[in-house]
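Summary of structural features
Here's the letter readout for the chains.
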Amino acid sequence: MRLDVVLRVATKFMLAPLLLFALYVQFHGDYGPGGGFQAGVIAAAAIILYGLINGLGPAQKIVPVGLLEVLIPGGVLIYVAVGVAGMLLGDNLLDYNHLAHDSIHGQEWGVFLVEVGVFLTVFSTMIAIYYAFAGRRRS
């Protein structure tokens, strides 16, 4: 598909709105439908679309494999750290009241941090799966 000019131009026009929509879903997830999982899939779909049109090499220049190897466990670590922090301070697992000066702000920060962890894990896992399948050669 590298020679199809229409697809390449259309993809360039679609990438920024897709990534912007992923950010909207991420930050709007506290107040309505959406959140880290949905935003991670949308952002990964943008990178995968870029890879499908331009090839695996250019996609890996945008999101290198080494970065994915850090982001996958990093997102899980953020999720777990937020949850365990409550236990270490005498609250329940994933109880966010301790994260700020009052419980309302603590809940907001807790949900935000957990959603960031979910976003990073889902985004990087989806791209890693694409890289694994796209990197295979036919024998």
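Preceding this section is the structure that the text describes.
Scope of this entry: the structure provided in the associated data block.

Thresholds, definitions, all that
- Residues numbered from 1 in each chain as written.
- Predicted model: local features only at pLDDT ≥ 70, side-chain atom pairs only at ≥ 80, totals over all residues.
- Heavy atoms only, no water.
- Axes fitted to C-alpha atoms, helices over the stretch in contact; angles between N-to-C directions.
- Helix = DSSP H or I, 4+ residues; strand = E, 2+ residues; numbered from the N terminus.
- Parallel < 35°, antiparallel > 145°, perpendicular 65-115°, else oblique.
- Left-handed = near helix turned anticlockwise from the far one by under 90°.
- Contact = heavy atoms within 4.5 Å.
- Phe/Tyr/Trp six-rings, centres within 6.5 Å; stacked < 30°, edge-to-face > 60°.
- Buried < 20%, exposed > 50% of the residue type's maximum accessible area, 1.4 Å probe, protein only.

So, the packing of helix H1 (residues 5-28) against helix H2 (residues 36-54)
Relative to each other, H1 and H2 sit at 165°, their axes nearing to 8 Å. As the angle between them shows, H1 and H2 are arranged roughly antiparallel. Here H1 runs over H2; the crossing is left-handed. Between H1, through Leu7, Arg8, Thr11, Met14, Leu15, Leu18, Leu19, Phe21, Ala22, Val25 and Gln26, and H2, the contact on the second element is made entirely by Gly36, Gln38, Ala39, Ile42, Ala43, Ala46, Leu49, Tyr50, Ile53 and Asn54.

Quick look at the packing of aromatic side chains
Per the stated rule, a full pass over the model turns up five aromatic pairs. Look at Tyr130 and Tyr131: their rings are 6.0 Å apart centre to centre, the planes differ by 50°, and that puts the pair in the tilted class. Tyr131 matches Tyr130 in its accessibility class, with the two residues each being buried.

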